[in-house]
Amino acid sequence: MTDIPEDHPRYKSLLTRELLVKGVKDGITSMQGLIAQGRGEAFDYLLGERTTGSAAEAERVAVAMMLLANRPVISVNGNAAALVSEELCELSKALDAPLEVNLFHRTEERVGKIINLLRSKGASTVYGDNPDKLIPGLSHDRAKAASKGIYAADVVLVPLEDGDRCEALVKMGKRVIVIDLNPLSRSARTATVAIVDNIVRAVPNMTAMAREMKNQSPAALEDIVKGFGNEKALAQALDEMMDNVKNAK
Ligand code: ATP
Ligand code: MG
């Protein structure tokens, strides 16, 4: 990786790019993943590259929903693996939710590499190398899911999910949580809970929350989930972005 001086004003953002380029070189991230990251970065700049109040609230609701779930699953794609593989393993443990590798540009080789990476970072259960079910309404490769993983899940956390897949999972009756910096994307608008935050901030935040909230009663967790509305939260995210832009004038 290129050596980036820690005192560079854009250190974190540049480091993230380096991790993705490494992901592509290692055969973990697709080339298209680089473009997706670019789109995300633009929205992150508008947000002020911070976790906003509405994002923190959506993270709390998402954690409560995962803790209440009977079968929670965390989906991992090539960008997530390059950026937060270790952090996703920690979240998986904190929530007691297995991981499933789920790729838009699927190759068995990439799936295998990501599973190995996650195992090397301490993941216990990782589905994805033997998808034996198809999600209705999607073309074949993108429909693949594991019968014990995403297919049977009641709550799925899908960081950076494509809009179409998100919609198909919602149609199956699942509660779908996405992490997506673009509050206008179809994924964000279709999800049950959209977290408008960078995955590199959202995942560690959620792990800390999960550790803190783990011993709360189901009734207390239900209370957190009950007050949430995705449309309202997305409107808040847009307001936060616009306020940030106005303040820059
Ligand atoms: P739609 O949901 O409307 O179909 P899309 O599929 O066209 O959106 P893609 O470019 O395929 O969008 O997916 C990338 C999405 O992931 C973008 O919306 C982008 O904002 C978001 N994204 C990219 N990198 C990150 C990141 N590091 N953290 C959070 N979100 C990110
Ligand atoms: Mg898409």
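Note that the structure is a prediction, hence the values are computed from the model and not measured.

What counts, and at which threshold
- Residues numbered from 1 in each chain as written.
- Chains lettered and ligands numbered in written order.
- Predicted model: local features only at pLDDT ≥ 70, side-chain atom pairs only at ≥ 80, totals over all residues.
- Heavy atoms only, no water.
- Near = heavy atom within 4 Å.
- Polar contact = N/O pair within 3.5 Å; in protein donor to acceptor, adjacent residues only side chain to side chain.
- Areas by Shrake-Rupley, 256 points an atom, 1.4 Å probe, with all protein chains shown as cover.
- Nonpolar A, V, L, I, M, F, W, Y, C, P; charged D, E, K, R; others polar.
- Helix = DSSP H or I, 4+ residues; strand = E, 2+ residues; numbered from the N terminus.
- Buried < 20%, exposed > 50% of the residue type's maximum accessible area, 1.4 Å probe, protein only.
- Contact = heavy atoms within 4.5 Å.
- UniProt positions renumbered as here; feature names shortened; annotations may be inferred.
- Core = buried A, V, L, I, M, F, W, Y, C linked by side-chain atoms within 4.5 Å.
- Patch = residues over 30% accessible without salt bridge, like charges linked within 9 Å, V, L, I, M, F, W, Y side chains within 5 Å.
- Salt bridge = Lys/Arg side-chain N within 4 Å of Asp/Glu carboxyl O.
- Pairing = 2+ DSSP bridges.
- Axes fitted to C-alpha atoms, helices over the stretch in contact; angles between N-to-C directions.
- Parallel < 35°, antiparallel > 145°, perpendicular 65-115°, else oblique.
- Left-handed = near helix turned anticlockwise from the far one by under 90°.
- Expected span 1.5 Å × (residues − 1).

Peer 1: Tell me about the site of ligand 1, and please be specific about residues and values.
Peer 2: Around ligand 1 there are 17 residues in total, and Arg39, Asp180, Arg186, Ser187 and Ile199 lie nearest to it. The separation between a nitrogen atom of ligand 1 and a polar side-chain atom of glutamine 37 is 3.2 Å. Within the side chain of asparagine 198, a nitrogen or oxygen atom sits 3.0 Å from a nitrogen atom of ligand 1. When ligand 1 sits alone it has 630 Å² of accessible area, and the protein chains cover 83% of it. Along the lines of polarity and charge, the residues of the shell around ligand 1 split into five nonpolar, seven polar and five charged.

Peer 1: Residues and numbers for the environment of methionine 241, please.
Peer 2: Looking at the element boundaries, methionine 241 is found in helix H11 (residues 230–247). Judged by its relative accessible area of 5%, methionine 241 is buried. For the pair formed by methionine 241 and aspartate 44, sequence separation is 197 residues and the distance between their alpha carbons is 9.0 Å. Dropping the residues within four chain positions of it, methionine 241 is found in contact with Phe43, Leu46, Leu47, Leu181, Pro183 and Val196.

Peer 1: Account for the UniProt feature "binding site: ATP" (unreviewed entry) in the protein, naming residues and giving values.
Peer 2: Residues annotated by UniProt as "binding site: ATP" (unreviewed entry) correspond here to Arg17, Arg39, Asp180, Leu181, Asn182, Arg186, Ser187, Asn198 and Ile199. Across 183 residues of sequence, these annotated residues are also dispersed in space, with a maximum C-alpha separation of 24.4 Å. Among the structural elements, leucine 181 can be located in the loop between strand E7 (175–179) and helix H8 (186–190). Beyond its immediate chain neighbours, meaning those up to four positions away, leucine 181 contacts Gly40, Phe43, Asp44, Leu47, Val196, Asp197, Asn198, Arg201 and Met241.

Peer 1: Would you mind going over the nonpolar core in detail, with residue names and values included?
Peer 2: Among the nonpolar cores identified, the biggest contains 51 residues, and Ile74, Leu99, Leu118, Ile177, Val193 and Ile195 are the most heavily contacted of them. In this structure, Cys166, Leu169, Val176 and Val178 belong to the second largest nonpolar core, which totals 24 residues.

Peer 1: Hey, could you go over a nonpolar patch on the surface for me, with residue numbers and the actual values?
Peer 2: Together, Val21, Met31, Leu34 and Ile35 make up an exposed nonpolar region whose accessible area comes to about 380 Å². Top contributing element to the nonpolar patch by residue count: helix H2 (residues 31–47), with three residues. Position of valine 21 among the secondary structure elements: in helix H1 (residues 11–25).

Peer 1: Please give an account of the pattern of salt bridges that cites residues and values.
Peer 2: By the definition in use, this model includes 16 salt bridges. Close ionic contact of lysine 22 with aspartate 26 constitutes a salt bridge, the shortest N to O distance being 2.7 Å. With its nearest N and O atoms 3.7 Å apart, the salt bridge here joins arginine 142 to aspartate 164. Here arginine 142 is found in helix H6 (residues 140–143), whereas its partner aspartate 164 is found in helix H7 (residues 163–171), with 22 residues between them in sequence. Judged by relative accessible area, aspartate 164 falls into the partly exposed class, the value being 33%. Each of Arg142, Asp162, Asp164, Glu167, Lys171 and Arg186 takes part in a single network of salt bridges with overlapping partners.

Peer 1: So, the pairing of strand E1 (residues 72–76): which residues are in play, and what are the values?
Peer 2: In terms of burial, E1 is a largely internal element, five of the five residues being buried. Residues Pro72, Ile74 and Val76 of E1 are buried on one face, and the alternating residues Val73 and Ser75, pointing to the opposite face, are buried as well. Alignment of E1 against strand E6 (residues 155–159), held across three bridges, turns out to be parallel. The residue bridging isoleucine 74 from the neighbouring strand is leucine 157, located in E6.

Peer 1: Would you mind going over the packing of helix H3 (residues 53–68) against helix H10 (residues 218–226) in detail, with residue names and values included?
Peer 2: Orientation of H3 relative to H10, taken along the N-to-C sense of each, is 140°, at an axis distance of 8 Å. With respect to each other, H3 and H10 are oriented oblique. Note that H3 runs across H10; the crossing there is left-handed. Contacts between H3 and H10 involve Arg60, Val61, Ala64, Met65, Leu67 and Leu68 on the former and, on the latter, Pro218, Leu221, Glu222, Ile224 and Val225. Residue composition of the contact of H3 with H10, grouped by class: nine nonpolar, no polar and two charged.

Peer 1: Hey, could you go over H3 for me, with residue numbers and the actual values?
Peer 2: For H3, spanning 16 residues, the distance from its first C-alpha to its last is 23 Å, which sits close to the expected 22 Å at 1.5 Å a residue. Of all the positions in H3, only Ser54, Ala55, Ala58, Glu59, Val61, Ala62, Val63, Ala64, Met65 and Met66 are classed as buried.

Peer 1: Go over the sheet that holds strand E8 (residues 193–195), please, and point to the residues and values.
Peer 2: Read from one edge of the open sheet, six strands run E3-E2-E1-E6-E7-E8, paired in parallel fashion. Strands at the two margins of the open sheet, each flanked by one partner only, are strand E3 (126–127) and E8. Here E1 runs beside strand E2 (residues 99–101); their pairing, made up of three bridges, is parallel. Bridging across to E2, valine 76 finds its partner in valine 101. In the packing of helix H4 (residues 78–95) onto the sheet, the strands contacted are E1, E2 and E6, and the crossing angle to E1 comes to about 170°.

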